[in-house]
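One letter stands for each residue in the lines below.
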Amino acid sequence: MSDGAYRTAYEQSMDDPDAFWGEAATAIDWVTPPPTVLDASNPPFYRWFTGGTLNTCFNALDRHVRDGRGEQAALIYDSPVTGTTRTYSYAELLGEVSRFAGALASLGVEKGDRVVIYMPMVPEAVIGMLACARLGAVHSVVFGGFAPAELAARIEDAKPKVVLSASCGIEPARVVEYKPMLDGALDRSSHTPESVIVLQRPQAPAAIGERDTDWEEMDWAELVADAEPADCVTVAATDPLYILYTSGTTGRPKGIVRDNGGHAVALRWSMGNVFGVGPGDVWFTASDVGWVVGHSYIVYAPLLTGATTVLYEGKPVGTPDASAFWRILAEYGCSAMFTAPTAYRAIRREDPDGTLLAAYDLSRLRTLFLAGERLDPDTYEWASALLGVPVVDNWWQTETGWPIAANLRGLEPMPIKAGSPSVPVSGYAVEVLDGAGHPVPAGEEGAICIKLPMPPGTLPTLWNDDERYVSGYLSAYEGYYLTGDGGLIDEDGYLFVLGRTDDVLNVAGHRLSTGSIEAALAGHPDVAECAVIGVADDFKGQVPRGLVVLKGGVDAEAEGPRITRELVQRVRDEVGPVAALKQVDVVSGLPKTRSGKILRKTMREIADGRTPNVPGTIEDATVLDALKPVLRPDA
Ligand code: COA
Ligand code: AMP
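- Where an unreviewed UniProt entry is consulted, the chain appears under the name Propionate--CoA ligase, with the organism given as Nostocoides japonicum T1-X7.
- As its UniProt record puts it under Sequence similarities (unreviewed entry), the chain is described as follows: "Belongs to the ATP-dependent AMP-binding enzyme family."

Set out below in structure tokens:
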């Protein structure tokens, strides 16, 4: 590992977090500068910048206009699926956000109220998020690829006063009508918002206010037309900025809470030190505002930095072809881009020699950042050779909100090792522990954990559920946060992340819960029991597979094909198309321990062609033998 700037900063962040993060906090405009940096008064609930007050929207927009960036592009919306582009300067975006904040305020939205945002990749989604931040309201964005049941679960938990949506999203092959899905979710949710605001899109306008509902439905444009701009509401550093639901192993999503102060400080710090991006740079993150990568690196970090962010409503391929990213990078002069490895695998599949790149000038591009799933060495090598710039893996999760491990391009670029996201980022005391909670020697595998306290910007708790926060993350090893990933640290201090140790799925960089998919399968009248496992896939990294045991009396041979077709459709309808479940097999039994726990990991190992780890507590080992030909037919 280095002896230079990285090591100095890392050691200071460990030895004197108050000095380190106190200094980083000076990059943020505070209403009341924080009298405290690390607040360790109530472990294991650590807080940052207690006593400080600020407004996140002010830091993302107003102060840049104040400081002379009003005419600089803040947001470039590029939408090949609608054939639209639009650039918002900082002054324009501030105008739009203030007006929309005024519209929300006119509906009674106040500090602390929740607003659910279920929208495609349109500027209004970003405007909605920032308008909430302006009012001190708490947004909760739900990814558009989730179906009504998932949306309903999030609405029930967040209890929003207002829901923002659009009439449709646009996937390359189809227009996805959002309004019927939102109606479906609201009909099944026990919580009723006061208002629903719908952005009409010409590709599929929605019927607004025509149904008899307990909530008022409104047209976005009409509402904004009458709105007065709203000013920033001062909030405490420790007040929530947003809730972002993420998948655990059970079907109940976890509401990750993000605070205002720590988040602003950490993201601003990460932009310069991890990503090497500064004010005025153009930055392109191809993800979705429904994921944490979108929250942090499409919206907040670039705007907190005074950079220009590209909001891309399209895919890496098919909109119209595998040169889509090259066009964006060239057209806007992007200095860095961020996406998931799957996107590059998609490009490679379409254009293996990268011939489409030749038509574009990418001379301003300095770095490609990849995260969201494991960056396989093959994709790393391909992208590096093609682009001729450093390809930088970084590892983190919704819970942390910004990289835990990375090659810190701004602070001190280091040699890259394929297969590793490099080293722990300042503030993260990363350790690999064995089953007894002891650090393992270099090169040995174990559970990747982070010694508490975690740095600013990471989750302080789960929404309304301190208990689940402690039981889910902090109780495995006293004094440590359990990441859920397994891996190792090599003799040079480089981390290698080898995958989840729990049953969380990662499909094309999208985090999904086995529990939700299983709940959808189990709801079928002919299914007695079921299991979902994630199996390795060359393109999406992992894909889900369903295994079901049918109820007694159902003729598997005759009815099986119909039932499995219905099950695939059920998962699409209940969880969403993003679950990408294509294969369900009818089996005669599922392997379990004597206490009834289904051995998903063992099945996963068989499906992936690895030597299965069969626990001694297995109830009936012959079940596994019967499953082998189903799980791995070619073996
Ligand atoms: N709204 C509605 N449906 C959506 C959706 C959205 N926002 N996003 C995806 N879907 C649908 C897709 O249309 C697809 O439906 P289909 O089964 O009818 O084809 C399904 O969900 C699966 O989507 P996805 O996993 O994205 O697969 P894909 O084959 O459509 O695209 C990639 C594959 C690689 C192009 C795409 O996943 C991608 O760009 N991923 C990398 C970037 C990224 O967003 N990472 C997330 C975190 S960084
Ligand atoms: P999410 O919360 O959706 O960002 O998903 C987080 C999970 O994705 C992590 O716990 C990892 O399992 C996986 N992940 C994210 N980034 C990486 C990476 N760079 N390398 C390996 N796995 C990753």
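Having seen it, we continue.
**Points about the overall build of the chain**
Inference 1: Counting its regular elements, the chain contains 18 helices and 31 strands.
Inference 2: Since a compact globule built from 635 residues should have a radius of gyration of about 26 Å, the 24 Å found for the chain is in line with a globular shape.
Inference 3: Projected onto its principal axes, the C-alpha positions of the chain cover 70 × 65 × 55 Å.
Inference 4: Considering the chain as a whole, with its 635 residues, one finds that 61% of them fall into the buried category.
Inference 5: Accessible area for the chain stands at about 23,300 Å²; split by element, carbon and sulfur atoms hold 48% of it.
Inference 6: Side-chain charges of the chain comprise 53 positive and 85 negative groups, with the mean position of each set lying 2 Å from the other.

**Structural notes on helix α5 (residues 123–135)**
Inference 1: Here α5 spans 18 Å end to end across 13 residues, near enough to the 18 Å set by a 1.5 Å rise per residue.
Inference 2: With 13 of its 13 residues buried, α5 lies for the most part within the structure.
Inference 3: Phi turns positive, to about 75°, at Gly 136, one or two residues after α5.

**Overview of the domain arrangement of the chain**
Inference 1: On domain assignment, one finds that the chain holds domain 1 (5–314 + 396–488) and domain 2 (508–631).
Inference 2: A C-alpha centroid distance of 33 Å is found between domain 1 and domain 2.
Inference 3: Taken residue by residue, the interface counts 20 residues in domain 1 and 14 residues in domain 2.
Inference 4: Salt-bridge contacts for Glu 574 lead to Arg 188; the nearest nitrogen and oxygen are separated by 3.9 Å.
Inference 5: At the junction of domain 1 and domain 2, the tally comes to eight residue pairs in polar contact (both at pLDDT 80 or more).
Inference 6: In terms of residue count, the dominant contributor to the side of domain 1 that touches domain 2 is helix α6 (residues 148–158) (three residues).
Inference 7: The residue inventory of the side of domain 1 that touches domain 2, partitioned by class, reads six nonpolar, nine polar and five charged.

**Considering the pairing of strand β29 (residues 527–537)**
Inference 1: The pairing of β29 with strand β30 (residues 541–550) spans ten bridges and is antiparallel. Its bridge partner lying in β30, Gly 534 is registered against Pro 544.

**Examining the site of ligand 1**
Inference 1: Among the 26 residues in the neighbourhood of ligand 1, the closest are listed as Glu 171, Arg 174, Pro 316, Lys 540 and Arg 572.
Inference 2: In the environment of ligand 1, an oxygen atom lies 3.0 Å from a nitrogen or oxygen atom belonging to the side chain of Lys 540.
Inference 3: Within the contact set of ligand 1, an oxygen atom lies 2.7 Å away from a side-chain nitrogen or oxygen of Arg 572.
Inference 4: Looking at the shell around ligand 1, the elements with two or more residues in it are β10 (174–177) and α12 (341–350).
Inference 5: Class assignment of the residues belonging to the shell around ligand 1 gives a composition of 13 nonpolar, seven polar and six charged.
Inference 6: Shared between two domains, the shell around ligand 1 takes at least three residues from each, and those domains are domain 1 (5–314 + 396–488) and domain 2 (508–631).

**Thoughts on the sheet that holds strand β5 (residues 84–89)**
Inference 1: If you trace the nine strands from one edge of the open sheet to the other, you get β5-β4-β17-β16-β18-β19-β20-β21-β22, paired in mixed fashion. Each edge of the sheet is formed by a strand with only one pairing partner; in this case those strands are β5 and β22 (423–424).
Inference 2: Relative to β5, strand β4 (residues 73–79) runs antiparallel, the two sharing six bridges. Each residue of the ladder has a partner; that of Tyr 77, found in β5, is Arg 86.
Inference 3: On the sheet, helix α10 (residues 292–305) packs against β4, β16 (282–285), β17 (308–312) and β18 (336–339) and is oriented at approximately 150° with respect to β17.
Inference 4: Running over the sheet, helix α11 (residues 324–332) touches β4, β5, β16, β17 and β18 and is turned about 150° from β17.

**Regarding the confidence of the model for the chain**
Inference 1: Summarising the model, the chain shows a mean pLDDT of 96, and 100% of its residues fall at 70 or more.
Inference 2: Within the chain, helix α18 (residues 622–631) has the poorest average pLDDT of any element, 93, and strand β3 (residues 53–54) the best, 99.

**Observations concerning the sheet that holds β29**
Inference 1: Taken in spatial order, the three strands of this open sheet run β29-β30-β31, and their pairing is mixed. This sheet does not close on itself; its edge strands, each paired only once, are β29 and β31 (583–586). Sheet twist, expressed as the average angle between the axes of neighbouring strands with direction ignored, equals 25°.
Inference 2: Note: β30 against β31, four bridges, orientation parallel. Each residue of the ladder has a partner; that of Gly 546, found in β31, is Val 584.

**Focus: the UniProt feature "domain: AMP-binding enzyme C-terminal" (unreviewed entry) in the chain**
Inference 1: As recorded in UniProt, the sites labelled "domain: AMP-binding enzyme C-terminal" (unreviewed entry) are residues 517–597.
Inference 2: In residues 517–597, helix accounts for 31% and strand for 31%; the two terminal C-alpha atoms are 17 Å from one another.

**As for the layout of surface pockets**
It is a probe the size of a water molecule, rolled over the atoms, that shows where empty space is left.
Inference 1: Reported here for the second largest pocket is a volume of approximately 380 Å³.
Inference 2: Together, 20 residues line the second largest pocket, and Thr 249, Lys 254, Gly 472, Leu 482 and Asp 502 are the ones closest to its centre.
Inference 3: Of all elements in the fold, only α14 (466–474) and β25 (480–489) reach the threshold of two or more residues within the lining of the second largest pocket.
Inference 4: Class assignment for the residues of the lining of the second largest pocket results in five nonpolar, nine polar and six charged.

**Notes on the site of ligand 2**
Inference 1: Neighbouring ligand 2 are 15 residues; Asp 393, Asn 394, Thr 398, Asp 485 and Arg 511 lie closest to it.
Inference 2: A distance of 2.7 Å separates a nitrogen atom of ligand 2 from a polar atom in the side chain of Asp 393.
Inference 3: Taken together, the elements giving at least two residues each to the shell around ligand 2 come down to β20 (391–395) and β26 (495–500).
Inference 4: Looking at the shell around ligand 2 element by element, the count peaks at three residues for β20.

**Focus: helix α17 (residues 600–607)**
Inference 1: Of all eight residues in α17, seven are buried; the element is thus mostly enclosed.
Inference 2: Among all positions of α17, only Arg 600, Thr 602, Met 603, Arg 604, Glu 605, Ile 606 and Ala 607 are buried.
Inference 3: The first or second residue beyond α17 is Gly 609, which carries a positive phi of 80°.

Criteria and cut-off values
Starting from 1, residues in each chain are numbered consecutively following that chain's sequence as written. Note on labels: chains are lettered from A, ligands numbered from 1, in written order. With pLDDT at 70 or above as the cut-off, local features in this predicted model cover only qualifying residues; side-chain atom pairs require 80 or more to be listed or tallied, and sums for whole chains, interfaces and linings still use all residues. Just so you know, side-chain values use all the structure's heavy atoms and leave hydrogens and water out. UniProt positions are given in the numbering used here, feature names are shortened, and annotations may be inferred rather than shown by experiment. Where helices and strands are cited, they refer to DSSP runs of H or I of at least four residues and of E of at least two residues respectively, numbered from the N terminus. Atoms counted for the radius of gyration: C-alpha only. Globule rule: 2.2 Å times residue count to the power 0.38. For the exposure calls, accessible area comes from a 1.4 Å probe over protein chains only, and a residue counts as buried if that area is under 20% of its type's maximum, exposed if over 50%, partly exposed in between. Reported accessibility uses the Shrake-Rupley method at a 1.4 Å probe radius. Residues are deemed covered only where the shown protein chains occlude them. Residues scored as positive are Lys and Arg, those scored as negative are Asp and Glu, and His as well as the terminal groups of each chain are ignored. To locate a charge, the coordinates of NZ of Lys, CZ of Arg, CG of Asp or CD of Glu are taken. Multiplying one less than the number of residues by 1.5 Å gives the expected span of a helix. Domain delimitation follows an automatic or database domain assignment. Contacts are residue-level and defined by heavy atoms, with any inter-residue pair within 4.5 Å sufficient. Salt bridges are counted wherever a side-chain nitrogen of Lys or Arg sits within 4 Å of a carboxyl oxygen of Asp or Glu. Under this definition, polar contacts are N or O atom pairs within 3.5 Å; protein pairs additionally need one hydrogen-donor-capable and one acceptor-capable atom, and for neighbouring residues in sequence, both atoms have to be side-chain atoms. Side-chain classes are defined by residue name, with Ala, Val, Leu, Ile, Met, Phe, Trp, Tyr, Cys and Pro counting as nonpolar, Asp, Glu, Lys and Arg as charged, and the others, Gly among them, as polar. Whether two strands pair depends on DSSP finding at least two bridges between them. Throughout, near means a residue has at least one heavy atom within 4 Å of the molecule or strand. Convention adopted: a line fitted to C-alpha atoms gives each axis, helices being fitted over their contacting stretch, and angles between N-to-C directions are expressed from 0 to 180 degrees. Looking at any residue, its pLDDT shows the predictor's confidence there, from 0 to 100. Buriedness of a pocket was judged along seven lines, with at least five required to meet protein on both sides within 12 Å; pockets are open sets of points on a 1 Å grid over the protein atoms alone, cavities are sets where a 1.4 Å probe fits but cannot get out, and lining residues have an atom within 4 Å of a point. Grid points are joined across faces, edges and corners, and a volume is the space filled by probe spheres set on the points.

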